Amino acid sequence: MSSTLTIFALMDCNNFYASCERAFNPGLRKRPIVVLSNNDGCVIARSHEAKALGIPMGAPAFKFQPLFKERGVAVFSSNFALYGDMSRRVMDTAARFTPDMEIYSIDEAFLRLDRMHGRPLDLARKIRSTILQWTGIPVSIGIGPTKTLAKVANREAKKNPEHGGTFSLVDYPDQDRILAGIEIEDIWGIGRQYGKKLRDFGIGNALQFSRLDKDWVRKRMTVNGMHTLLELQGVLCIPLDQTVATPKSIVCSRTFAKAVTDKDKLAELISGYAARTGERLRGQGCVAGQLQVFVLTDRFRLDKPQYSNAATVSLAIPSSHTPDLIRAARTALEQIFKPGFEYRKAGVMVFGIEKEQGRRLRLFEPPTQERARYKAVMEAMDRINARWGAMTMRVAAEGAEKRWVMRQAHLSPRYTTDWKELPRAGH
Ligand SMILES: [Mg+2]
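Structural notes, computed from the coordinates. Quick caveat: nothing in here was measured; it's all calculated off a predicted structure. (Residues numbered from 1 in each chain as written. Predicted model: local features only at pLDDT ≥ 70, side-chain atom pairs only at ≥ 80, totals over all residues. Heavy atoms only, no water.)

1. As for the pairing of strand 10 (residues 286-297)
Turning to step 1, where the next piece is worked out: Strand 10 sits mainly inside the fold: 11 of its 12 residues count as buried.
Turning to step 2, where the next piece is worked out: Where strand 10 meets strand 12 (residues 343-355), 11 bridges bridge the pair, whose relative direction is antiparallel. Across the sheet, A288 pairs through a bridge with I353, a residue of strand 12.
Turning to step 3, where the next piece is worked out: Direction of pairing for strand 10 relative to strand 11 (residues 308-319): antiparallel, over a ladder of eight bridges. Bridge pairing in strand 11 places A288 opposite S319. (Buried < 20%, exposed > 50% of the residue type's maximum accessible area, 1.4 Å probe, protein only. Helix = DSSP H or I, 4+ residues; strand = E, 2+ residues; numbered from the N terminus. Pairing = 2+ DSSP bridges.)

Right, here's the structure in full:
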């Protein structure tokens, strides 16, 4: 039996958006942070300290402004390009430990630990500390014999700081106590509606649910509910899903070796990132509907004025065509560039991604013949770059200054160099 035991870990970033902002500004350590929705309407993310102040999720910003001011709350507009970039870093770091991984959301992933050497809890601690050190993002890791129990373990890891961010239900002597502490709605796969129904039957927590009869559950909650029940009992029903779906977003960003103050230089760099996202879109046979640009100053230079911002542009027609993406990127940069700052990092994110084949044509699209010609040019460019090295052939807006080309050529594909220089976080 034990030789076939599957061990899942659920890794979940703590207060992800707030943690991203904090990772770029160590001055925010211990300060309450909130992140606002698009056009700054309401609170969509809170740091631990902001939760402790009683700021609810969805709080309208205008109503809470006096509290923000009085309690020194750091308020941020959402910067999804930055969060997407940080998410990729966290996931890339986790993937170094095991290829058996399912990225479940922007800040969550399931990993299988049973095919790795070492005690699962030790592995989880190692993964956690590596991610914190390399990205500055704190994560919690829960371990269990099923995905549903890994989720339960993750809640426990988050809830009790004495666990140090990792907790395992495998061989845990008092699983009942842990299950009894999980509200029925908080079980993975149950949700509000079924939670309410189950409460009517007097079932209010995961322990009570786990003792229900299989057929009773299947009758009222379909086969999915039954799987949740069995998984809480330790029977694997929901395997790791590693199918590669159409990506939700693609990010290309870099930390500059030297700060950039000049707008034209920045525009040139950003055009290069737009071109890279175009290559990656074409490589997957996809087109994107929106493009976002973000810029940041150096978060470690607290003596210098800090600025970060992001702007999103919708493409007239979903595209992977490099000149379209560059044009959109330059328009977005125009909206957020402020002179007088030393920019240290910038990036481009595309989203609204769909497969090019089978896409429904919109009104006012260029005639088919012209699109075919665009496509042929892009394909030729990708082929030449693949054969002779990235950036051999470029669209003029990317700039031709060798110095920048070389800097990029020496970056490792996985990590930008600055992360190795990141000071140890977490103390
Ligand atoms: Mg999270």
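2. Some words on the packing of aromatic side chains
Turning to step 1, where the next piece is worked out: According to the stated counting rule, one finds 14 aromatic pairs in the structure shown.
Turning to step 2, where the next piece is worked out: When the ring of Y104 is compared with that of F110, the centres are 5.6 Å apart and the planes differ by 70 degrees; the resulting orientation is edge-to-face.
Turning to step 3, where the next piece is worked out: Aromatic side chains Y307 and F341 sit 5.0 Å apart centroid to centroid with 25 degrees between the ring planes, which places their arrangement in the stacked category. Linking Y307 in the loop between strand 10 and strand 11 with F341 in the loop between helix 12 (322-336) and strand 12, this pair joins segments that are 34 residues apart in sequence. Both residues of the pair, Y307 and F341, count as buried.
Turning to step 4, where the next piece is worked out: The structure contains a cluster of three or more aromatic residues connected by ring pairs, namely F16, Y17, F80 and Y83.
Turning to step 5, where the next piece is worked out: A cation over a ring is seen here: K147 above F110, with NZ or CZ 4.8 Å from the ring centre. (Phe/Tyr/Trp six-rings, centres within 6.5 Å; stacked < 30°, edge-to-face > 60°. Lys NZ or Arg CZ within 6 Å of the ring centre and 35° of its normal.)

3. Focus: the coordination of the magnesium ion
Turning to step 1, where the next piece is worked out: Within the protein, the magnesium ion binds to D12 (OD), C13 (O) and D107 (OD); these donor distances fall in the range 2.2 to 2.5 Å.
Turning to step 2, where the next piece is worked out: All donors of the magnesium ion come from a single chain, and their spacing in sequence reads D-C-x93-D. With a gap of 94 residues between them, C13 in strand 1 (residues 8-13) and D107 in the loop between strand 5 (101-105) and strand 6 (108-112) connect regions that are remote in the sequence.
Turning to step 3, where the next piece is worked out: Since its relative accessible area comes to 3%, C13 is described here as buried. (Donors = N, O, S within 2.8 Å, 3.2 Å for Na, K, Ca; no water.)

In short, geometric facts, not functional conclusions.
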